[in-house]
Amino acid sequence: MTEPTTGAATAAVFRREVAVELAGREALVTTAPFASAFVVLAGLAFGPGPQQLAATAGGTAWLAVLVATVPLARAVAGAEMAEDSWDALRGLVAPGPLFAGKLLATWAALALTWVLSAALVTVLFEVPVLPGALYGGAVGTLALAAATTTFGVLVASGARRGGLLAALILPAGLPALLAGTQLATPGVAVLPWGILMTLYAVAVLTAAWAVFPVLLEE
Amino acid sequence: MTSPSPCTADRLLGAATAVVASVAVALALVAAPTDAVQGEPQRLMYVHVPAAWLAYLAFAAVLVASVAHLLTRDLRWDRRAQAAAELGVGMTALAIALGSVWGRPVWGVWWVWDPRLVTTAVLLLVYVGYLGVRGLGDDRAAGARRAAAVGILGFVNVPVVHFSVVWWRTLHQPATVLSPDPAPMDPWMAAALGAAVAAFTLAGVLVVRRRLRDLASADAPVAGAARPPADAPAEALAVVPRAQR
Amino acid sequence: MTGVSRIHGGRAVWAALDLSLAAGTLTVVTGPNGSGKSTLLRMASGLLRPSSGSRECAGRALYVRGGGGLRGAQTVVDAVAATAGLAGRRGAADAAVDLLGIRALAHRRVGTLSAGERVRAAMAAAVACRPALLCLDEPTAALDTRGTEDLAAVLDALRADGRTVLVATHQPGALLTAADAHLEIDDGRVVLR
């Protein structure tokens, strides 16, 4: 019997995630209405003055993404456990590709949430699109996806206190919120915040990769 | 080993703590002069700074114990991590509360968005979450692994959080109210602060030692059952295809 | 598995067990609730780390509880293909669906299947994955007599293919006559074989 390579196994996990999402549209229905409502309500809370809206635009998009990690984390392991498919996944796929495949799927969901939130903010709050903001969106959602994947498995493997997920993910996402907001703000230096976002992503990815196999143990 | 029994060591430690704490109180309340600018509220420093120091020390211990637990899977390291985290959370809350009380008369505000304050508040959140993770399930070993993972992830994140807030502040407001005073500290003030830090550290060690004994006794039944009876015969079973029998 | 034991909540569920399962064998495990059947299967499949002792398995192990293993939102054929894809055997999914005789269910969502149909779908995925060791936890609870006979035939085919099968069940039925060995366990000990 030939074992699939790490790349093939990662692709298989990601492909399975995409197929399940296309079949159930769980992430789309979870986050798209949520992000839309968040941005509209933020406009009502901070507006209607164009200056206040412009000042809060970047932060609004990133807060929406950060809060969306909490319901999205269920797709990592909680939904699998509820449907009794987590054991098969753990048995058939090594921890590395399992982490990578789940990470890619979570990254895709978070990146789409960010694109939707940022697009709505751009239109409704009348702010320009900055190149630095696009970089921040790509790298920041990757870092948040790593934290979401890890904490999603960690909390789902317990029997109680599912609500602890928010208390774990939200403080961990602070650097993404700050750097992402600054990168989306006109007139702010791009380089330091781009470097900070990159360092944050490297730190979170490395730590998540290191502890993930431990969380799979039973 | 000929080390004294745990109770004797605790008594010695308790006595040392009491002596150093008495010296610290005398130095802080009597010997140290009243701050020329801040007045009497400045004396809160002799509790605020040692509490923050002890909290950082405890969180560093959580990291070390978490890594050691994942490497050895020894529950003793997990208990050390838990005891240190509990102390750290208490000290962080104390430091933030005292800092707030100190800041109100001196700066006129309860809170400023200073990197040190924000990072300390995030530390509190992270380690409250860390302690919460221990109650996720009933399996002792799984709880220890999860806690160790959070202990490592949390600590890795803290420097990035700190630098984020430092840069965030410098971009918006050049000077911070907490920037260190360039004037040298009065020697009596420095002595009082040093004694208070020493007293807090000794008391922290004492508290952790006592807490470790409680935690160890809670784990004791598990440790007893962990060794299957040595005389229990291993049941050697081999299943082969029926055709070969 | 050599000298395996497992401590759960301070109680030794298994203490000192040596078990070796040759390739191409079917073993049925029976015993009362809480006797350690699931713990044994989860340790054998590598999901559960023994507190002491060691486990070796020549290849991939798959553990399936009841009719689990598949995502409810997917159709049967997609879910079987997705699971087989994890084992790098996506191409084997179609034949497995035919082998289990569930072609008529192929385009229904897994979540809408009856419990017995789910077991068949799960078995199709297991056959497609072709694991070295297949551990089935209570596959027969939702099956009627005919269903258990069909399951026994499928497991017989897997055994003939050189796979090792370990089944824990309260209602072994036809599985017992097909099995190479029967372990009756109580309180983490084998009392009959």
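Just so it is clear, the model here is predicted, and its values are computed rather than measured. (Residues numbered from 1 in each chain as written. Chains lettered and ligands numbered in written order. Predicted model: local features only at pLDDT ≥ 70, side-chain atom pairs only at ≥ 80, totals over all residues. Heavy atoms only, no water.)

Asks: Can you walk me through the overall build of chain A in this structure?
Replies: Check the secondary structure of chain A and you find ten helices and zero strands. Secondary structure elements in chain A, listed N-terminal to C-terminal, are α-α-α-α-α-α-α-α-α-α. Here chain A has a C-alpha radius of gyration of 18 Å; the compact-globule value for 218 residues is 17 Å, and the two agree. For chain A, the computed accessible surface area is about 8700 Å², with 73% contributed by carbon and sulfur atoms. (Helix = DSSP H or I, 4+ residues; strand = E, 2+ residues; numbered from the N terminus. Rg over C-alpha atoms; globule rule 2.2 N^0.38 Å. Areas by Shrake-Rupley, 256 points an atom, 1.4 Å probe, with all protein chains shown as cover.)

Asks: What should I look at first to understand the packing of helix α1 (residues 6-24) of chain A against helix α2 (residues 76-86) of chain C in this one?
Replies: Any two packed helices are characterised by how steeply their axes cross, that is the angle between the axes, and by the distance between the axes. Where α1(A) meets α2(C), the axes come as close as 8 Å, and the angle between the chain directions of the two elements is 160°. If you check the angle between α1(A) and α2(C), you find them roughly antiparallel. Helix-helix and strand crossings are classified by hand; for α1(A) and α2(C) the assignment is left-handed. Across from A:Ala12, A:Val13 and A:Arg16 in α1(A), the residues of α2(C) making contact are C:Ala82, C:Gly85 and C:Leu86. Tallied by class, residues from the contact of α1(A) with α2(C) come to four nonpolar, one polar and one charged. (Axes fitted to C-alpha atoms, helices over the stretch in contact; angles between N-to-C directions. Parallel < 35°, antiparallel > 145°, perpendicular 65-115°, else oblique. Left-handed = near helix turned anticlockwise from the far one by under 90°. Contact = heavy atoms within 4.5 Å. Nonpolar A, V, L, I, M, F, W, Y, C, P; charged D, E, K, R; others polar.)

Asks: How should I be thinking about the interface of chain A and chain B in this particular structure?
Replies: Frequently, the measure chosen for interface size is the accessible area that the parts lose on association. The partner chain B presents 30 residues to the 30 residues of chain A that form the contact. Summed over both partners, the interface of chain A with chain B comes to about 2600 Å²; 72% of that surface belongs to carbon and sulfur atoms. There are three salt bridges connecting chain A and chain B. Among the ionic pairs, B:Arg73 bridges to A:Glu217, the shortest N-O distance being 2.5 Å. Across the contact surface, chain A and chain B share seven residue pairs in polar contact (both at pLDDT 80 or more). When contributions to the side of chain A that touches chain B are tallied by element, the ones reaching two or more residues are α7 (131-156), α8 (164-172), α9 (174-183) and α10 (190-216) of chain A. It is α10(A) that provides the largest number of residues to the side of chain A that touches chain B, a total of ten residues. (Buried area = accessible area lost by both parts, 1.4 Å probe. Salt bridge = Lys/Arg side-chain N within 4 Å of Asp/Glu carboxyl O. Polar contact = N/O pair within 3.5 Å; in protein donor to acceptor, adjacent residues only side chain to side chain.)

Asks: Even after reading the chapter, I still don't get helix α2 (residues 45-72) of chain B, so can you show me in this structure?
Replies: Residues spaced three or four apart along an α-helix face the same direction, because each turn holds 3.6 residues. When the terminal C-alpha atoms of α2(B) are compared, their 40 Å separation across 28 residues agrees well with the 40 Å that a helix rising 1.5 Å per residue should span. One or two residues past the end of α2(B) sits B:Arg73, with phi positive at roughly 60°. (Expected span 1.5 Å × (residues − 1).)

Asks: Help me out: how do you make sense of the packing of aromatic side chains in this one?
Replies: Both the distance between ring centres and the angle between the ring planes are used here to describe each pair of aromatic rings. For the coordinates displayed, the defined rule picks out seven aromatic pairs over all chains. For the ring pair A:Phe34 and A:Phe38, a centre distance of 6.0 Å and an interplane angle of 45° mean the geometry is tilted. With A:Phe34 and A:Phe38 both in helix α2 (residues 26-46) and four residues apart, the pair spans about one turn of that helix. Both rings, one in B:Tyr127 and one in B:Tyr130, keep their centres 6.0 Å apart while their planes meet at 55°; by these two values the pair is tilted. Here B:Tyr130 and B:Tyr127 lie together in helix α4 (residues 115-133), a separation of three residues that amounts to about one turn. Taken individually, B:Tyr127 and B:Tyr130 each receive the classification buried, so the pair is uniform in this respect. (Phe/Tyr/Trp six-rings, centres within 6.5 Å; stacked < 30°, edge-to-face > 60°. Buried < 20%, exposed > 50% of the residue type's maximum accessible area, 1.4 Å probe, protein only.)

Asks: When you look at the environment of C:Leu17 in this model, what are you seeing that I'm missing?
Replies: All names here are of chain C. Among the secondary structure elements, leucine 17 is positioned in strand β2 (residues 11-21). You can call leucine 17 buried: its relative accessible area is 1%. Separated by 173 residues in the primary sequence, leucine 17 and valine 190 have C-alpha atoms spaced 8.9 Å apart.

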